[in-house]
Each structure stands twice: as C-alpha cells, then as structure tokens.
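The lines below spell out each chain.
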Amino acid sequence: MDAGNAPLGALPGVGPALLALLARLGLERVQDLWFHLPLRYEDKTRVTPLAELRVGEREQVVGIVEEVERGFRHRPQLKVALGDGSGQTLRLRFFHFNRAQAEQLRPGTRLLCFGEVRHGAQGLEMVHPSYQRVGADEAVAADESLSPVYPTTEGLGSKRLAGVIGKALALLPAAEQLELIPLQLCVEHGLTSLRDALLYVHRPPPQANLEQLMRGLHPAQQRLAFEELLSRHLSLKRMRAAVRHRRAPVLGGDGRLQRQLLAGLPFRLTAAQQRVGGEVARDLAQPHPMLRLVQGDVGSGKTVVAALAALAAVESRHQVALMAPTELLAEQHLHNFRRWLQPLGIEVDWLAGKVAGKARQATLERVAAGAPVLIGTHALMQEGVTFARLGLVIVDEQHRFGVQQRLSLRDKGRDGELVPHQLVLTATPIPRTLAMSAYADLDVSSIDELPPGRTPVQTIAISNARRVEVIERIHAACAEGRQVYWVCTLIEESEPLRAQAAEVAHAELSAALAGFGVGLIHGRMRPKEKQAVMDAFKAGQLAVLVATTVIEVGVDVPNASLMVIENSERLGLAQLHQLRGRVGRGAQASNCVLLYQPPLGQLARERLQVMRETTDGFRIAEKDLQLRGPGEVLGTRQTGQLSFRIADLARDAHLLPAVQKVGACMLDGHQAQTERLIERWIGGSARYAHA
Ligand code: ADP
Ligand code: MG
C-alpha cells in the first residue's frame, strides 16, 4: 500500500488523543504530515552572548537569574533579570505564570531562553520567552538544524508535532514514487526533486540561509509553492470543467427587450460595454452554463451590462437572481432595475434578511411560481428559496463571496438537469496574474473604459489638525451648489460604534453648516430610512451626506463632487478607491480630501501617496497587492479560499505562467496524477468540487 495514504494511527506512538489533536489540524494520513509545512524557523543553533543581542531578532541566550521582582501595576507580572558576566542585563517579563514557575525562577538559577529581543523601560528585554532550566555546569547543546515552527493547535506543542512529522518523514518513498508531475514536465520547467525539497524545508541545515527561508525564497520552498499553486489551479479547472459539462438553458430571444431598454437610456453604451455585453450574450446562448467574471473599475457601467443579460433570460422565459453583499448595494440595484424594467412590463422582487413574515412568504411564493427577477442579499441563498426556472444568477462584488457560496446559489437552479448561467461583477480590478489563479474557474471580461465626460478626481491628504479649514471648504462648496460626502471610518468592527461616530460627525457638521441640509446614513438604519435619505441626497435636498462606509459600493449620485474621508490612514487602498469612486461620476471636476490623524506610519504614507497620484484602479490594485498581499486584495481572507500553506500569490506570481502550462498538460493526459495532486494538497476541502 502507498505509505502516504496510511492513516496516522499506523505511526508508532500515535494514540487516540494525539490523533484527535492532529485531526483538528486536518491531518489524517501520513502524507498530510509530509505536507504540513513550517510557518517559520527559529535559529537555536547558537547561543548569543547578552552583550551581542540585537533588538528585533529572535535569539537564544544562557544566563544566571540575578534578581526576581513581582509587580502588580496593571496586572500581575514577573520580572526576571538575567546576567552572563558580560555586564549586559536582559529582563524577562511574564504576565501569565503560576506559583511553581515563580518559585523555580530564583536568583542563581541558570536558564536557557529563546525569544524576541526588545527595548524595554530598563534596557533589553524579552516578553514571555520560552525557557528551560539548565544545571550550573551542564553543557548547553545548541540544535543541529534550524527549528521549524509548525502551525499547530491548542494542546499540541510545536516540538511534539515536529516529532510526529519526523516519524512520517521516515516513511517518505523514493523520489520517483513521490513525484506526481510527469518527469518530462519537471525537466522542461526545471523542477527539482520534491523529496529533497520536502526534507529541506522540514529540516534545514544549520548553514541554511535563514533570511531566504524566512522570506520563502529558498529554491526548496519555491518548488513546493509551485506544486501547491499547480494543485489549486488544477482543482479550479476541474471544478469548472465539471460545471461546463452540465446543461444550461439557452437564453436570448430576438433582443426586443434589450433594444427597448437601450432606447430609453439617456446615454449610449461605451465600446467596452458593447464588447462585454456581446461576450455575455454569446455565453448565454450556449447550452452550457456561463461562468463569467465582468470586471470594471468603479463607475465603468457594469449595472447596465447586467441588466441586458437579465433581459436575455426574461425574454427566454427564465428567472434571474441578482445578489449583492450589502443591503445598500442590493437596494441600489433594486432601484435601477425597477426604473429600467418596470416600463417594459417586468416586475422586480426583493428579498433580504429583514424581509419577514407575510411579505417574505408572498415573495417566496411569487418566485416559486416563476416571478422573472429577484434581487437581494445573501438571503437569496438560504433554504426555502426555490425558483421555478432559474436561468441566470448575477453576483455583484464577487470578491466578498467565496467559491462555495457561488456553488450553492448555482444549486438553487437545479431544475432537472439544467444549471443556471452565472455572471459575476466586480469593481475590484484584479491584477491579471491574480485573476488567473483566483478565478481559474471563470472567464474574465473587462470593461476597460469609463463613460465619456468624466474628469479624474483631484485628491489631497490633509492632517486632521486642519479640520476646521476643511469644513470651511465644504461650506464654500455647498454655497456653489455642490454636493458632498463626509465618510466616517472607524476601525472597530462594531456597527453601533460606527453609527455613533457618524452621529457625532453629523452633529458637528450640522452646526457648522447651518442653512444647508446635512443628512446621515449608516448601517443601523432601516432600509426605508436609508432609502429616504439617499433619495433626498439624490434629489439635491441635502447638500451633505454623512455616512459610514456603507456607501462604499454601488451608491450612485452623479452630482456629488466632493468627498471627505476621515481617518483615511486606517483604510486599505481598495477601500479608499471604492469610496472615492462615489465622486467623479458627473461631468464636473471632483475632489477628494483624505483626512488623516498624524503621525503617519510608513505603510499609511505610501497608501495616501498612491491615492494622490492615480485614479487608475488597476495601478491601485497592483500597488495594493504589493503592500498587503492577495488575501486582502481579494477580500477572501476570512473564507480561507486563498490561504496557502507555502505559496504566496504576490511573492510567487512569477511561477504562474509555468503553473498554467504544466496544468494544461496534466489535465490533457494525466488524469490520475491530477486527482492525486489535488488530494495531496487540498485534500478534504477539494471535495466540494464534486458537489
Ligand atoms: P459600476 O460599474 O461602478 O457599477 P454603474 O453601473 O453604477 O457603475 O454606472 C455608473 C454611472 O454611470 C451610472 O450613473 C450609470 O447610469 C452611468 N453610465 C453607465 N453607462 C454609461 C454610459 N455608457 N455613458 C454614460 N453614463 C453611463
Ligand atoms: Mg456597481
């Protein structure tokens, strides 16, 4: 039997208790341990004299306890002064300790410690170092290789886990048996031995370049990253192939409804909108499900493209579901769709979490009976929502939904054998390389042109110390008839706190701008109240709208031409770009003021700088990727969709072209290896792909 597939219980010394802990980490088979890779490394191969300690480094030291002090300033703490005869003292600080520990640490005790060196109030210190007592004359043995630190779980220490992994590594088969990428492809792409790479990352020799290892740039790590990216790529491609294999309704009639909609619009489609609309129409006319991502910068006009697709479905007597991540955004779509579709005699239904009781029941019944268009939040995915003939699913701001959610909505459409088409809209411009990996299961269309007549937003950053001047400036703008957004941001996750901050700003601005209408909108308000405020702002009855970041996506008031963003230093680039996209929608020149709280950190300074320099969503996304990494850029960190064991999309993007080539060859003629590779790296979480 294949050693890698053996259950972990087969390893010597692994009993039920340990098995349960390992299972919590998703480790069930021997090969799961081979591929459970270190998060980082610690250098315990040498002992550093106290006089040579460097702040910021993780170091191993040996010393004698000279003094112990127990304090209770804010909370109990134990302070231990350590010396080694060099004149330098290192203070160890513990905030969690038990009595036994405190009694062990007496003056005269000799300790071996490992931890990060910091500047403390009384000189160098380590907070909560790991330590062990050593005898006065005992020779202190330094480790022979760098120590890997593994991701682990409560109750399972890194050392113990490393021990089990060591046992599993003893069972590694010969190189050619371990390899799943066909030899010829390995040679073509310069891929070295997987076996050597695994052994190296688990047990780097003492002379290994720690810096390179820490950054994930060692060739052994890159070899593993390649394989992990490949497995992810294959899994997405396979999922897509499985969906493509299914049958979908052919959508699109004679285009009568679309022509009517276009004739009623006050503008002509841009060339980019026409091209993307055509790509979507061609997909919809196929008897296999479309899986298409339409990306376009804020304001590029994705909504009308979505509406045209919806009309193709309606014309073919199929239903459309449109889903957005926030209620406000979903409401905006409802508003637009009703405005555009009702004149054509098409009803648009609404479903959100807050729709309850009789209203909910009535909506569900209409949808089950075949009502043409349903718009809402993720409530659309819940149990109990059944469609009669779902033909098209439109998902806006896809980056906030995970692949699994995408699939679950798709399943809503199972009517006999037919699967609905999927259109995904995103305003987060995704760098190409990233899009190819993150969305290998989707085709991508870009609306790469803004409607004519827009002037780029002028952006400046101003310290909050000059807040009064900014408010004066708003006053002047209002006097000229301009409309203004004032965006309150709080890092706090809590909606009540956010709402409260907005209320405070609202009071301040109302007082300073007497005579002008100042409105307030936040996520705690009821949909009707929010809509009333938005309508008043749209109609020009309010000069200023104080808002939380609920207005981040989708809000569209072309006459608003000035935006102030408070605490802008706390926001990421993608979010700043989304917010700023709320202005600059009309023909008039627009401005954005980024208020910040000094002093600015390096990262915040760079972000504000980028915002001042460009309004190009793609450049901003590239920069964002550089500064923050792909999990944040795609907003999928929570879903775990893009969490890798060793690969890092930003760092390893250069591997992607080869990953795609190797992937194509493997899908073409190496089915069995493909399955095993996915199973190896993605394991259980890949199973939903078969759903
Ligand atoms: P987004 O791509 O950000 O979702 P929207 O679909 O909300 O953009 O469109 C932004 C604004 O541009 C809306 O007011 C919309 O009516 C308008 N718009 C869309 N297409 C065009 C066009 N071709 N010419 C002029 N205005 C347009
Ligand atoms: Mg939009």
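All figures in this text were calculated on a predicted structure; none of them were measured in a lab.

Rules and cut-offs
Residues numbered from 1 in each chain as written. Chains lettered and ligands numbered in written order. Predicted model: local features only at pLDDT ≥ 70, side-chain atom pairs only at ≥ 80, totals over all residues. Heavy atoms only, no water. Patch = residues over 30% accessible without salt bridge, like charges linked within 9 Å, V, L, I, M, F, W, Y side chains within 5 Å. Areas by Shrake-Rupley, 256 points an atom, 1.4 Å probe, with all protein chains shown as cover. Salt bridge = Lys/Arg side-chain N within 4 Å of Asp/Glu carboxyl O. Lys, Arg positive; Asp, Glu negative; His and termini not counted. Charge placed at Lys NZ, Arg CZ, Asp CG, Glu CD. Helix = DSSP H or I, 4+ residues; strand = E, 2+ residues; numbered from the N terminus. Buried < 20%, exposed > 50% of the residue type's maximum accessible area, 1.4 Å probe, protein only. Pairing = 2+ DSSP bridges. Axes fitted to C-alpha atoms, helices over the stretch in contact; angles between N-to-C directions.

A.B. asks: Any details on a negative patch on the surface? Residues and values, ideally.
C.D. replies: Where like charges cluster on the molecular surface, the negative patch consists of Glu-66, Glu-67, Glu-69 and Asp-84. Mapped onto the elements of the fold, Glu-69 is located in strand β2 (residues 58-71). Using a relative accessible area of 37% as the deciding quantity, one classes Glu-69 as partly exposed.

A.B. asks: Got a sec to walk through unusual backbone geometry? Specific residues and values, please.
C.D. replies: The omega angle of the peptide bond from Pro-598 to Pro-599 is 0°, so this bond is cis rather than trans. In this structure, Pro-599 sits in the loop between β22 (591-596) and α21 (602-613). If you check the backbone angles, Arg-317 has positive phi at about 60° while not being a glycine. Looking at where Arg-317 falls in the secondary structure, it is placed in the loop between α12 (302-315) and β11 (319-323). Among the residues examined, Arg-317 registers a relative accessible area of 66% and is labelled exposed.

A.B. asks: Lay out the pattern of salt bridges with the relevant residues and their values.
C.D. replies: Per the counting criterion, the structure on display carries 25 salt bridges. The salt bridge partner of Arg-40 is Glu-42, with a shortest N-O separation of 3.2 Å. According to the relative accessible area criterion, Arg-40 is partly exposed, its value standing at 31%. In this structure, Arg-93 engages Glu-125 in a salt bridge whose closest nitrogen and oxygen atoms are separated by 3.1 Å. Of this pair, Arg-93 sits in strand β4 (residues 89-94) while Glu-125 is found in strand β7 (residues 123-127), placing the two residues 32 residues apart along the sequence. Accessibility classification places Arg-93 together with Glu-125 in one group, the buried group. Via salt bridges that share partners, Arg-40, Glu-42, Lys-44 and Arg-58 belong to a single interconnected network.

A.B. asks: Any details on the sheet that holds strand β12 (residues 348-351)? Residues and values, ideally.
C.D. replies: The seven strands are arranged β12-β13-β11-β14-β15-β10-β16 in an open sheet whose pairing can be described as parallel. Sheet topology places β12 and β16 (443-447) at the edges, where each strand pairs with a single neighbour. The sheet shows a mean angle of 20° between the axes of neighbouring strands, taken without regard to direction. Pairing of β12 with strand β13 (residues 373-376), which is carried by four bridges, proceeds in the parallel orientation.

So far we have only geometry, and geometry alone does not tell us how the molecule works.
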